[in-house]
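# Overview (structure and organization)
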Amino acid sequence: MNENTINFIFNEIEKAQKILIISHVNPDGDTLGTMCALKLFIGKKADTLVQTSAATGIPETYKFLPEINLSKNLDNVQNIYDLVIAVDVASIDRIVQNARQIFDNAKMTINIDHHKTNNGYAKLNYVIGSASSAGEVLYNIFKEKNIEITKDMADCLYVSILTDTGGFRYENTKPETLEIAAKLIKLGVDNADITKKCYNKKAKNMVLFQASIVSKAKFLLNNTVAIALIEESDFKKFGANNEYTEGIAETLRTIKTVEVSAVLKESDNQTTKVSLRSDNIDVCEIVKKFNGGGHIHAAGCTIKKPLKIAYELLVDEIEKCLNS
């Protein structure tokens with residue numbers, strides 16, 4: 001079945017006149033790296049879409065990715081594509097307007113992903129839940145079809161795998177994941193340089209923002225739960241954007257007593273974005289209550305409530321999970 005699906009994917013790419021590759025909203029290294037690698041393979045008839053506004057732009061951390069500077073954003077993308085490919089997009093609600101309209105109107109849609117909670121929302125779906133990242137899925141697709149992986153493509157795929165495994169520290173790092181990383185390094189990837197760009201070069205305001213949020217975190221249930229609340233005023237104070245929140249949940253998870261860490265971001269007065277992390281708890285079970293998804297130890301959701309109410313609802317669900 002997988003081989004047939006891969007063949008269908010390549011057939012659709014070949015016959016399409018105009019292709020759009022979509023990253024998920026609040027883009028990370030996996031979705032952006034996979035998007036750029038696929039763009040490099042397809043070439044000029046493919047455009048890429050980073051789901052941010054023109055004002056927000058491409059996340060600073062990943063601006064070094066090959067050809068990412070050519071990407072469209074939500075303010076300038078047009079409805080002109082007959083094939084739309086979503087990469088690392090776990091669910092349809094991770095594609096927002098007006099990208100959602102373009103996706104819905106396309107003659108063909110393809111979904112390439114690694115989230116076990118992905119329900120196959122496209123017309124053609126290739127989801128490998130055992131893979132570390134969408135980048136690993138795409139690498140294996142290329143190898144199945146004997147596609148030559150260039151140095152630039154290798155850099156993009158390495159960023160995908162590196163960032164979604166937390167620098168090869170998370171439990172999704174399998175032997176085959178490290179084998180793929182080694183093969184990409186043999187193709188010319190400078191692993192030390194890419195690791196430095198992804199993890200060790202942050203804006204001053206990002207460091208100060210994260211320190212401020214972590215210092216205000218709430219610790220509950222005998223310090224087994226750590227929750228950071230981020231209000232719109234916090235973003236304004238530090239000139240921060242969503243990129244600045246990456247890593248906060250992971251930082252809180254490193255505290256010895258913490259079983260579940262969470263970051264709640266005030267999106268507007270009636271919407272709260274939630275990210276959950278845990279080493280031992282299936283946080284996917286917690287976010288299911290709010291139609292969220294992700295992985296066993298890393299999941300997220302959107303709660304259509306103000307920040308304080310969303311916090312109370314989430315704490316109730318976490319407590320139920322820990323007591324079950």
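Reading the values: rules and limits
- Position labels on residues start from 1 in each chain and follow its written sequence.
- Only residues with pLDDT of at least 70 are given local features in this predicted model, and only at 80 or more are side-chain atom pairs given and counted; all residues enter the totals for whole chains, interfaces and linings.
- As a convention, hydrogens and water are excluded, and side-chain values are obtained from all of the structure's heavy atoms.
- Here, a salt bridge means any Lys or Arg side-chain nitrogen found within 4 Å of an Asp or Glu carboxyl oxygen.
- Each helix corresponds to a stretch of at least 4 residues labelled H or I by DSSP, and each strand to a stretch of at least 2 residues labelled E; elements are numbered beginning at the N terminus.
- The classification of residues rests on relative accessible area computed with a 1.4 Å probe and restricted to protein chains. Under 20% of the type maximum is buried, over 50% is exposed, and intermediate values are partly exposed.
- By convention a nonpolar core is built from buried Ala, Val, Leu, Ile, Met, Phe, Trp, Tyr and Cys residues, the set being connected through side-chain atoms within 4.5 Å.
- Residues are treated as being in contact if the distance between any of their heavy atoms lies within 4.5 Å.
- Pairing between strands is defined by DSSP: at least two bridges between them are needed.
- To obtain each axis, a line is fitted to C-alpha atoms, and for helices this fit is confined to the stretch in contact; angles are then taken between N-to-C directions over 0 to 180 degrees.
- Stacked, tilted and edge-to-face are the three classes applied to pairs of Phe, Tyr and Trp rings, where Trp contributes its six-membered ring and a pair requires centres within 6.5 Å; stacked means planes under 30 degrees apart, edge-to-face means over 60, and tilted covers the rest.
- Lysine and arginine charges are scored as sitting over a ring when NZ or CZ, respectively, is within 6 Å of the ring centre and within 35 degrees of the ring normal.

Summed over all chains, the structure comprises 11 salt bridges. Between aspartate 47 and lysine 18 there is a salt bridge; the shortest N-O distance is 3.6 Å. Residue aspartate 47 is located in strand S2 (residues 46-49), and its partner lysine 18 is located in the loop between helix H1 (2-15) and strand S1 (19-22); the two are separated by 29 residues in the primary sequence. The class of aspartate 47 is buried, set by a relative accessible area of 16%. You can call lysine 18 partly exposed: its relative accessible area is 25%. Aspartate 193 is the salt-bridge partner of lysine 197, the closest N and O atoms lying 3.0 Å from each other. Of the two residues, lysine 197 and aspartate 193 both sit in helix H7 (residues 191-200), 4 residues apart, roughly one turn of that helix. Using a relative accessible area of 32% as the deciding quantity, one classes lysine 197 as partly exposed. Given the relative accessible area of 29%, aspartate 193 is considered partly exposed.

Right, let's talk about the nonpolar core for a bit. With 49 residues, the main nonpolar core has Ile19, Ile85 and Leu184 as its most contacted residues. Discounting chain neighbours no more than four positions away, the residues touching leucine 184 are Tyr139, Ala154, Leu157, Tyr158, Ile161 and Val189. Ranked by size, the runner-up nonpolar core spans 22 residues in total, among them Ile227, Leu264, Val274 and Cys284.

Assignment of secondary structure puts threonine 163 in helix H5 (residues 151-164). What makes threonine 163 buried here is its relative accessible area of 15%. Setting aside chain neighbours within four positions, we find threonine 163 in contact with Gly29, Asp30, Tyr62, Cys198 and Tyr199.

Our next topic: the sheet that holds S1. Read across the open sheet, the 5 strands follow the order S2-S1-S3-S4-S5; overall the sheet is parallel. Both outer strands of the open sheet, S2 and strand S5 (124-127), are each paired with one neighbouring strand and no more. Here the average twist between neighbouring strands, direction ignored, is 15 degrees. Where S1 lies against strand S3 (residues 83-87), 4 bridges are found, and the strand directions are parallel. Looking at S3, one finds that leucine 20 is bridged to valine 84. Across the face of the sheet, helix H2 (residues 29-42) comes into contact with S1, S2 and S3 while running at roughly 140 degrees to S3.

With respect to the helices and strands, lysine 304 occurs in the loop between strand S11 (298-303) and helix H12 (307-323). In this structure, the C-alpha to C-alpha distance between lysine 304 and aspartate 268, residues 36 residues apart in sequence, is 9.6 Å. Setting aside residues no more than four positions away along its own chain, lysine 304 makes contact with Gln270 and Thr271.

The next subject is the packing of aromatic side chains. Scanning the entire structure with this criterion turns up 7 aromatic pairs. Judged by centre distance (5.4 Å) and plane angle (55 degrees), the rings of phenylalanine 41 and phenylalanine 142 are tilted. Remark: phenylalanine 142 occurs in helix H4 (residues 134-144) and phenylalanine 41 occurs in helix H2; sequence separation between them is 101 residues. Given a relative accessible area of 25%, phenylalanine 41 falls into the partly exposed group. A ring pair is formed by phenylalanine 209 and phenylalanine 238, whose centres lie 5.9 Å apart and whose planes are at 75 degrees; its orientation type is edge-to-face. Of this pair, phenylalanine 209 sits in helix H8 (residues 204-215) while phenylalanine 238 sits in helix H9 (residues 232-238), and the two are 29 residues apart along the sequence. The same class applies to phenylalanine 209 and to phenylalanine 238, which are both buried. In this structure an aromatic cluster arises from ring pairing among Phe209, Phe235, Phe238 and Tyr244. The cationic tip of lysine 145 hangs over the ring face of phenylalanine 10; the distance from NZ or CZ to the ring centre is 5.6 Å. The ring of tyrosine 311 carries lysine 218 above its face, with NZ or CZ at 6.0 Å from the centroid.

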